[in-house]
Structure formats: C-alpha cells, structure tokens
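Fold and contact review
What follows is each chain in one-letter form.
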Amino acid sequence: MERPTKEQIRDLPIYEGLGQDNIIVVANKIDAERAVAELKKHACVGFDTESKPCFKKGEVSDGPHLIQIATETTAYLFPTKFHENMAVLKEILSNPEIKKVGFGLKEDRKLLFRKYGITLINVEELSSKVMRYVNVKQQVGARVAVAMLFNQRLTKSAQRSNWAIYPLNEHQIKYAANDAHSALRVELEMEKQHEQL
C-alpha cells in the first residue's frame, strides 16, 4: 500500500464519522457517570485530547482542555473545565480492561498525569502500528491512516482552534468526536483485515 500525497488526500471524499446526534458533550457529574457506565461495556475505545494551541515562544499549554472517547456509535467529549468529571473519567483512562487507541498519545499521557494525576493504562499508539500494517517507512497520522484504510479525508480544519473555550462550537465538536472515532475505526479495520488473512 502506498502512502498518499497531501494532494491525493485533498481530493478524497470527507470522512463523515459521527453526526451531532451521536456526540455527547459531558458537562456535569451525572452525565459523566452515565457516559462512563456506557464506556465500561466496551473492550476498546478511540481516544484523543485537545489543548489550546500555543503561539508565543516559550508559552506552555495548560491543557488538555478536552478529552474525547469514542465507541463505534457514540463519542463522549469531556471539557476538562468540569473538574468533578475527571475522577469519574479516571475509571476509563486507568482501566486495564479497556484498550484506548489513538494517534500521538505520548504528549497526552504526560499532560493527563501532570494536570490530573491520571495514569493512562492499556493504551495503544496507532501511528507506529499503522506504519507497520501498511508497510511504509515513516509514522502515520490519523489523516493518512483514514485515507489509506477508508479512502476518505479526515478534516483537520479545527485543529488549531481555541479548545479552552466553552461552549465549543459545532465545528469543533464534530472535529473532536471524529478524531477519536476515526482512531477506533482504524484499529477495528486493521483487526478485521488481519482476521481475514
């Protein structure tokens, strides 16, 4: 399988992922407990975080500002401004029974531990896994993985937006949900193709 160029990816149809009805922004403890109860039913979930970008030299992010966890049918977005939800969310993030898959998770691991004392357990970094799977020389990000496995384009247009604001706008919500959702779909697609071999 050949790694597509940026131009080739630009011409692909957009990865639709989840619609607004299947994305839940978790803003209180009751909703957090409901979300975690649902997430506990899954052996593998898509995972990502978003932080407000730093544009000044020497500026350090105080993120993550958003934590995203997705199943095949639903994405849960946890704005970290609701601190009471973090202890509840720890039940998923530190749970050895639930695999969390995503791209570029090294920084997420550090930020979550530094800010909330949460240790990410049973996490799989997809960048190198996809690289080995599709047999290319350099690490693969979410956008390239989605292009190679689904022939679709994962939009990254909200990546550099302000994730510290609340409420998030509709565009940010869809972007954040689909980052976590696409990671899970990439993992499941590789498993499925592997089983068919």
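My aim in this report is to walk through the structure given alongside it, one point at a time. What you are looking at is a predicted structure, and each value in this text was computed from that prediction instead of being measured.

Cut-off values and rules
- Residues numbered from 1 in each chain as written.
- Predicted model: local features only at pLDDT ≥ 70, side-chain atom pairs only at ≥ 80, totals over all residues.
- Heavy atoms only, no water.
- Phe/Tyr/Trp six-rings, centres within 6.5 Å; stacked < 30°, edge-to-face > 60°.
- Lys NZ or Arg CZ within 6 Å of the ring centre and 35° of its normal.
- Buried < 20%, exposed > 50% of the residue type's maximum accessible area, 1.4 Å probe, protein only.
- Helix = DSSP H or I, 4+ residues; strand = E, 2+ residues; numbered from the N terminus.
- Pairing = 2+ DSSP bridges.
- 1 Å grid on protein atoms, 1.4 Å probe; cavity = no way out; pocket = protein on both sides within 12 Å on 5 of 7 lines; lining within 4 Å.
- Points joined across faces, edges and corners; volume = space filled by probe spheres on them.
- Axes fitted to C-alpha atoms, helices over the stretch in contact; angles between N-to-C directions.
- Contact = heavy atoms within 4.5 Å.
- Parallel < 35°, antiparallel > 145°, perpendicular 65-115°, else oblique.
- Left-handed = near helix turned anticlockwise from the far one by under 90°.
- Nonpolar A, V, L, I, M, F, W, Y, C, P; charged D, E, K, R; others polar.

This part is about the packing of aromatic side chains. One pass over the structure, following the stated rule, counts two aromatic pairs. Taking the ring centre of Phe82 as reference, the NZ or CZ of Lys81 above it sits at 4.9 Å. Above the plane of the ring of Phe150 lies Arg185, whose end atom (NZ or CZ) is 4.2 Å from the centre.

Quick look at the pairing of strand S2 (residues 44-50) now. For S2, the buried fraction is high: seven of the seven residues fall into the buried class. Covered by surrounding structure in S2 are Cys44, Gly46, Asp48 and Glu50 together with Val45, Phe47 and Thr49, the residues of both alternating faces. Summarising the sheet, S2 and strand S5 (residues 99-102) pair through three bridges and their orientation is parallel. Bridging from a neighbouring strand, Val45 pairs with Lys100 of S5. Relative to strand S3 (residues 66-70), S2 runs antiparallel, the two being bridged by five bridges. Each bridged residue has a counterpart across the sheet, and for Thr49 the counterpart in S3 is Ile67.

Moving on, we come to the layout of surface pockets. Each pocket or cavity is described by its volume, and for the largest pocket that value is around 590 Å³. Along the walls of the largest pocket sit 25 residues, with Asp48, Thr49, Glu50, Gln159 and Tyr175 positioned nearest its centre. With four residues, the top contributor of residues to the lining of the largest pocket is S2.

The next subject is the sheet that holds S3. Backbone hydrogen bonds hold the strands of a sheet together, and the pairing may be parallel or antiparallel. The strand order across the open sheet built from six strands is S1-S4-S3-S2-S5-S6, with neighbouring strands paired in mixed fashion. The strands lining the two open edges of the sheet, one partner per strand, are strand S1 (23-25) and strand S6 (123-125). Going from strand to strand, the sheet's axes swing by 25° on average, the running direction of each strand aside. Here S5 runs beside S6; their pairing, made up of three bridges, is parallel. Within S6, the residue paired with Lys100 across the bridge is Val123. The sheet contacts of helix H2 (residues 29-39) involve S2, S3 and strand S4 (75-79), and relative to S4 the element is tilted by about 140°.

Packed helices, taken two at a time, are described by the angle between their axes plus the distance between the axes. Interaxial distance between helix H6 (residues 142-150) and helix H7 (residues 170-196) falls to 10 Å at its minimum, and their mutual angle equals 40°. When the axes of H6 and H7 are compared, the pair comes out oblique. The chirality of how H6 crosses H7 is left-handed. Judged by residue contacts, Ala145, Val146, Leu149 and Phe150 of H6 engage Ser182, Arg185, Val186, Glu189, Met190 and Gln193 from H7. Taken together, the residues that form the contact of H6 with H7 break down as six nonpolar, two polar and two charged.

On the secondary structure map, Ile98 appears in the loop between helix H3 (84-93) and S5. When the C-alpha atoms of Ile98 and Lys41 are compared, they prove to be 8.9 Å apart, with 57 residues separating the residues in sequence. If we ignore the near neighbours within four places in the chain, the residues touching Ile98 are Leu39, Lys40, His42, Ala43, Val45, Ile92, Ile121 and Asn122.

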